[in-house]
Amino acid sequence: MVSPRPVVRSLPAYKPGRNPADLAREIGVERAVKLASNEVAFPPLPAVVQALAAAAAETNRYPDNGAVVLTRALADRYGVDPAQIATGCGAVTLCQELAQAYNDPGTSIAFAWRSFEMYPLLAQVAGARALQVPLVPGRPGGPADTHDLDGLLAAIDDSTRLVFVCNPNNPTGTAVRLGELQRFLDAVPEHALVVLDEAYREFVTDPDVPDGMELMRGRPNVAVLRTFSKAWGLAGLRVGYLVAEDPGVAEAVRKTHVPFSVSMLAQAAAVAALASEEEVRNRCAAVVAERERLTAALRDRGLDVGDSQANFVWLALGQEAAGLAAALEARAVITRPFPGEGVRVTVGTPEEDDVFLAALDEVRAASPVA
Ligand SMILES: *Cc1c(COP(=O)(O)O)cnc(C)c1O
């Protein structure tokens, strides 16, 4: 009998998130609200829809495996050389390619925990050790929701090849500030590549939260990971990118690239999205305004909610988390529970968020724990 590798056998089976249409049918309501995956609620940009229609006519051909046009557009946008860039089938694929490029069995990957769920899986599949450094409270008396960069630095050892710093952090929404991140990067040994995962960068409003693209300059062991899935509205198309100070890093990632995995449609859409930057900026401003309204509404209800720098908020409810998410789901609102820790709620449209708040009020009236 064939048998997968032991590490693969031990991985949890993929559990798909609730589909809002199915849930609505099951409960017998017109529609369910999905606030679980940090997508933006806006439809695709008009220029994206146009570019997709035009590209559709050429899909009998393979895509450009070097994503030359997209790479050039990104290089222009950030003022870097195209050789410093690697594109990927979503930022998650770039994470995998990074581990393939840098982690032999027995090496390690360091990151904060709780953070992006992909990081521990990467380490496991690569046969690398996961050096997980617990989050610490970001404010006095608050929940453990913030990177402990001193702890992360202390965890890095001779075996460490990759260090992920998710800024802002998924799922807690907290961000590390310029001074502490600079000190951290200055101290990380040069054999470890620090990957600043900035999937939510476009929603950052605190001017003291550094832009990784600037911080990376002059630091050959730093790279920045970004995606078109969140602010740019292309989650369904799968395209992200890595920008590294050292072109050798981008080259290593390109060498482990799954051939043609950034589709022709994804490339065309990403180029069109970049050309619509002002519209994207306006959309992000609307998301941020709604984030502040949602945060205030939750605080008005007596809930302890930190300041999010992303397009989601974090309810650090500990043992109440799973129960609350289940009760919300029974009221046609899909959130993302992390059992025993908290519930992550994506900032939706004002209407969607009002549906969420009303469901939350109902749940809490029925059982006033959360
Ligand atoms: C969503 C997300 C990504 C990337 O998503 P892709 O859709 O694969 O581009 C990367 N990092 C974090 C922290 C995310 O939340």
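Located above this text is the structure these notes cover.
Definitions and cut-offs
In this convention, every chain numbers its residues from 1, walking through the sequence in written order. For a predicted model such as this one, the threshold for reporting local features is a pLDDT of at least 70, and the threshold for listing and counting side-chain atom pairs is 80 or more; totals across whole chains, interfaces and linings nevertheless cover every residue. As a rule here, side-chain values come from all non-hydrogen atoms in the structure, and water together with hydrogens is ignored. Pairs of strands are assigned from DSSP output, requiring at least two bridges between the strands. Numbered from the N terminus, helices here are DSSP runs of H or I no shorter than four residues, and strands are runs of E no shorter than two. Think of each axis as a best-fit line through the C-alpha atoms, taken over the contacting stretch in the case of a helix, with angles from 0 to 180 degrees between the N-to-C directions. We call a residue buried when its accessible area falls under 20% of the maximum for its residue type, exposed when it is over 50%, and partly exposed in between, using a 1.4 Å probe and counting protein chains only.

*Asks:* Go over the sheet that holds strand β7 (residues 160–166) with me, naming the residues and quoting the values.
*Replies:* Reading across the sheet, the seven strands line up as β2-β10-β9-β8-β7-β3-β4 and stay open at both edges, with mixed pairing between neighbours. Edge positions in the sheet fall to β2 (85–88) and β4 (129–134), since each of these pairs with one other strand and no more. Strand-to-strand twist in this sheet, taken as the mean axis angle between neighbours without regard to direction, amounts to 20°. Pairing between strand β3 (residues 108–113) and β4: six bridges, direction parallel. Looking at β4, one finds that Ile109 is bridged to Ala130.

*Asks:* Describe the pairing of strand β14 (residues 342–346), listing the residues and the values that go with them.
*Replies:* Within β14, five of the five residues are buried, which leaves it mostly tucked inside the rest of the structure. Going residue by residue along β14, you find Gly342, Arg344 and Thr346 tucked away on one face and Val343 and Val345 tucked away on the opposite face as well. Here four bridges tie strand β11 (residues 312–315) to β14, and the two strands are oriented antiparallel to one another. Considered in β14, the bridge of Trp314 is made with Arg344. In terms of strand pairing, strand β13 (residues 336–338) meets β14 through three bridges, oriented antiparallel. Across the sheet, Arg336 pairs through a bridge with Arg344, a residue of β14.

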